Amino acid sequence: MKHLNKKSMLLLLLAFVMMFMAACGNGTAGNAGDKPAAGGAENKEAPKAGEPVKVVWWHSMSGELGKAVDKLVADFNASQKNVVVEAVFQGTYDESLNKMKASMDSKSGPALIQVYEIGSRFMIDSKAITPMQKFIDADKFDVSQLEENILNYYTVDGKLNSMPFNTSNPILYYNKDAFKAAGLDPEKPPVTYEEVAEAAKKLSKDGKAGASFAIYGWFMEQFFANQGAELLNNGNGRTSPATESLLGSDAGVNTMTWWKQMIDDKTMLNLGRKTDDTKKAFAAGQIAMTLDTTASLRGIVSAAEGKFQVGTAFLPKPKDAKDGGVIVGGASLYILNNRSEAEQKGAWEFIKFLTDPKQQAYWHVNTGYFPITKKAYDEQLVKDNLTKYPQFKTAVDQLHQTKANKATQGAVMGVFPEARQLTEGAIEEVLNGKKSPKEALDGAAKEISSKLAQYNKTVAK
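Residues numbered from 1 in each chain as written. Predicted model: local features only at pLDDT ≥ 70, side-chain atom pairs only at ≥ 80, totals over all residues. Heavy atoms only, no water.

Going by the annotation in an unreviewed UniProt entry, the name recorded for the chain is ABC transporter substrate-binding protein, with Paenibacillus tyrfis given as the source organism. Turning to the chain, the UniProt annotation filed under Subcellular location (unreviewed entry) states: "Cell envelope". The annotation that UniProt attaches to the chain under Sequence similarities (unreviewed entry) is "Belongs to the bacterial solute-binding protein 1 family." (UniProt positions renumbered as here; feature names shortened; annotations may be inferred.)

Encoded structure:
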């Protein structure tokens with residue numbers, strides 16, 4: 001922004017993004033009027049001699065995930081005396097991000113913040129972060145110990161801007177008992193769109209449906225990547241800022257044609273946008289196949305315990321699909337540049353602690369998220385967990401077999417939350433018979449492209 005200082009530039013960009021995030025529905029968008037949360041008071045001076053550096057970390061992990069976060073923080077604080085991390089839950093990803101935006105002027109925000117993967121482009125454009133690459137280079141930190149296909153997503157313009165933290169991908173869950181009863185091999189789940197449709201027909205009987213997929217924009221993004229297809233132009237927004245959505249391309253149309261045909265055949269139920277609803281239907285035996293995140297695996301297996309055996313399989317794709325795979329979901333950690341150098345370095349020390357195999361093993365076993373460190377799989381804790389939950393090997397294999405390209409690296413755009421909502425609206429139009437796949441997806445793509453133009457214009461001022 002040639003004629004604006006950094007503060008004005010940031011406020012303009014934040015105002016634009018807050019405007020469209022406030023318009024997002026589905027219970028995911030935070031309130032644009034949220035006030036900054038307490039904690040992380042301004043501290044541009046170095047701590048007094050002998051006092052530890054205080055690092056405030058904002059996160060969005062609640063329930064059991066929050067307990068796992070608190071344990072990691074307590075272990076880090078007990079492991080050394082130079083840095084004290086204070087973890088503060090800030091609500092959903094959208095709520096936390098909006099609070100960060102509101103805190104930028106007063107510098108009352110955190111030194112470290114967890115941001116969901118689709119916030120990557122915004123965090124970079126905000127100029128509010130110190131890229132993780134700076135600390136990696138200064139410390140000669142060996143990134144080869146981390147999972148390449150996870151780093152792949154968060155590497156933009158050749159550098160790592162954040163450190164991956166909680167990472168997942170989608171898999172197909174299926175009822176092995178229902179497969180056996182339908183004459184299907186429970187050890188050979190469907191791999192392609194065509195096989196899923198055929199299995200769904202055989203599984204639909206006695207008032208039960210073969211499958212149900214939640215109307216979730218993330219699934220569509222994954223279906224694109226699994227076909228080696230890019231969701232946005234300009235290399236998925238990675239070679240240069242995206243200007244056009246490719247949602248209406250063959251990858252999208254073929255996917256929605258397949259999905260809608262199963263609805264028409266009455267072999268698939270449309271249960272709406274909430275994955276919780278498909279999870280409940282699966283646990284109750286009302287549907288035999290569903291899609292969900294790998295992070296839900298333990299909960300899904302536990303809910304079915306005593307009723308049926310849960311199988312897991314790779315995300316399906318068309319039989320003639322190009323090389324592809326899955327994109328990582330979840331979130332990563334950013335260090336904010338309006339905090340003191342001591343706080344930023346303290347945050348980096350905590351991040352290094354989190355990447356340790358032992359900590360990654362604990363995080364993985366207690367949450368279901370992937371370890372980002374390869375050697376975590378050598379920890380006995382992880383080996384024992386894989387014995388108890390052999391279904392998780394599917395997710396690990398799917399991650400490792402993903403072909404690295406621009407499609408699987410994942411799209412980046414500053415208007416991702418709204419684009420996801422528009423995608424879900426288009427899916428609904430198709431499944432409800434209001435529009436053809438091509439018409440609905442082209443309409444959403446046009447709106448997303450318009451939002452991209454507005455965003456790019458704001459950033460370029």
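There is more to say, and it comes next.
With that settled, the discussion passes to the overall build of the chain. Looking only at helices and strands, one finds 20 helices and 11 strands in the chain. Looking at the 461 residues of the chain, the share that counts as buried comes to 57%. The contacts of the chain with a sequence gap of at least 6 include a subset with a gap of at least 24, amounting to 80%. When the accessible surface of the chain is totalled, it reaches about 19,100 Å², and 50% of it is carbon and sulfur. (Helix = DSSP H or I, 4+ residues; strand = E, 2+ residues; numbered from the N terminus. Buried < 20%, exposed > 50% of the residue type's maximum accessible area, 1.4 Å probe, protein only. Contact = heavy atoms within 4.5 Å. Areas by Shrake-Rupley, 256 points an atom, 1.4 Å probe, with all protein chains shown as cover.)

All right, on to the pairing of strand S9 (residues 289–293) then. Remember that side chains alternate between the two faces of the sheet whenever the strand is regular. Within S9, five of the five residues are buried, which leaves the element mostly enclosed by the surrounding structure. Here five bridges tie strand S8 (residues 170–175) to S9, and the two strands are oriented antiparallel to one another. Within S9, the residue paired with Tyr-173 across the bridge is Thr-290. (Pairing = 2+ DSSP bridges.)

Here we come to the pattern of salt bridges. Inspection of the entire model under this criterion finds 21 salt bridges. Residue Asp-125 pairs with Arg-121 through a salt bridge whose shortest N-O separation is 3.2 Å. Linking Asp-125 with Arg-121, this pair stays in helix H4 (residues 120–125), spanning four residues, or about one helical turn. The same class applies to Asp-125 as to Arg-121, namely buried. Of the charged contacts in the structure, one is a salt bridge between Lys-345 and Glu-341, with a shortest N-O distance of 3.1 Å. A residue pair is termed a helical-turn pair when its members lie 3 or 4 positions apart in one helix, as Lys-345 and Glu-341 do in helix H14 (residues 341–355) at four residues. For Lys-345, a relative accessible area of 45% gives the class partly exposed. Classification of Glu-341 by relative accessible area gives exposed; the value is 55%. (Salt bridge = Lys/Arg side-chain N within 4 Å of Asp/Glu carboxyl O.)

Turning our eyes to something else, we now look at the packing of helix H11 (residues 250–264) against helix H19 (residues 416–431). One can describe the packing of H11 onto H19 by two numbers: an axis separation of 9 Å at closest approach and a directional angle of 45 degrees. When the axes of H11 and H19 are compared, the pair comes out oblique. Read as a crossing pair, H11 and H19 show a hand that is right-handed. Residues Met-256, Trp-259, Lys-260 and Ile-263 of H11 form the contact with H19, whose own contacting residues are Ile-427, Val-430 and Leu-431. By residue class, the composition of the contact of H11 with H19 is six nonpolar, no polar and one charged. (Axes fitted to C-alpha atoms, helices over the stretch in contact; angles between N-to-C directions. Parallel < 35°, antiparallel > 145°, perpendicular 65-115°, else oblique. Left-handed = near helix turned anticlockwise from the far one by under 90°. Nonpolar A, V, L, I, M, F, W, Y, C, P; charged D, E, K, R; others polar.)

Tallied over the entire structure, the rule returns 21 aromatic pairs. Measuring from centroid to centroid gives 5.4 Å for Phe-141 and Trp-348, while their planes differ by 80 degrees, and the two rings are edge-to-face. Taken as a pair, Phe-141 in the loop between helix H5 (132–139) and helix H6 (148–154) and Trp-348 in helix H14 lie far apart in primary sequence, 207 residues in all. On the accessibility criterion, Phe-141 (15% relative accessible area) is buried. Judged by relative accessible area, which is 4%, Trp-348 ranks as buried. Their ring planes at 45 degrees and their centres at 5.9 Å tell us that Phe-213 and Trp-258 sit as a pair that is tilted. Pair noted here: Phe-213 is in the loop between helix H8 (193–203) and helix H9 (217–226) and Trp-258 is in helix H11, with a separation of 45 residues, a long-range link. With respect to class, Phe-213 is no different from Trp-258; both count as buried. Every member of this aromatic cluster is reached through a ring pair, and the members are Trp-57, Phe-76, Phe-165, Phe-350, Phe-353, Trp-363 and Tyr-369. One residue, Lys-101, lies across the ring of Phe-122, its end atom 5.0 Å from the ring centre. It is Arg-420 that lies over the ring of Phe-416; its NZ or CZ is 5.7 Å from the centre. (Phe/Tyr/Trp six-rings, centres within 6.5 Å; stacked < 30°, edge-to-face > 60°. Lys NZ or Arg CZ within 6 Å of the ring centre and 35° of its normal.)

Structurally, Thr-402 is set in the loop between helix H17 (392–401) and helix H18 (406–409). Of the residues examined, Thr-402 reaches a relative accessible area of 8% and is grouped as buried. A distance of 3.1 Å separates a polar side-chain atom of Thr-402 from the backbone nitrogen of Val-326. Side-chain polar atoms of Thr-402 contact the backbone oxygen of Gln-398, separated by 2.9 Å. (Polar contact = N/O pair within 3.5 Å; in protein donor to acceptor, adjacent residues only side chain to side chain.)

The subject of this paragraph is helix H2 (residues 63–79). Over its 17 residues, H2 extends 25 Å from the first C-alpha to the last, a length consistent with the 24 Å expected when each residue adds 1.5 Å. For H2, the set of buried residues is Gly-66, Ala-68, Val-69, Leu-72, Val-73 and Phe-76. An end-on view of H2 places all buried positions within 160 degrees of arc, on one side of the element. With respect to the buried face of H2, the exposed residues turned more than 90 degrees away are Gly-63, Glu-64, Lys-67 and Ala-78. Looking at the buried positions of H2, the neighbouring elements they touch are strand S1 (53–59), strand S2 (83–89), strand S7 (163–168), H14 and helix H15 (357–367). (Expected span 1.5 Å × (residues − 1). Arc of directions from axis to C-beta.)

Let us now look at the environment of Ile-300. Considering the arrangement of structural elements, one finds Ile-300 in helix H13 (residues 297–304). The class for Ile-300 is buried, based on a relative accessible area of 5%. Apart from residues lying up to four places away in sequence, Ile-300 is in contact with Tyr-173, Lys-279, Phe-282, Asp-292 and Val-310.

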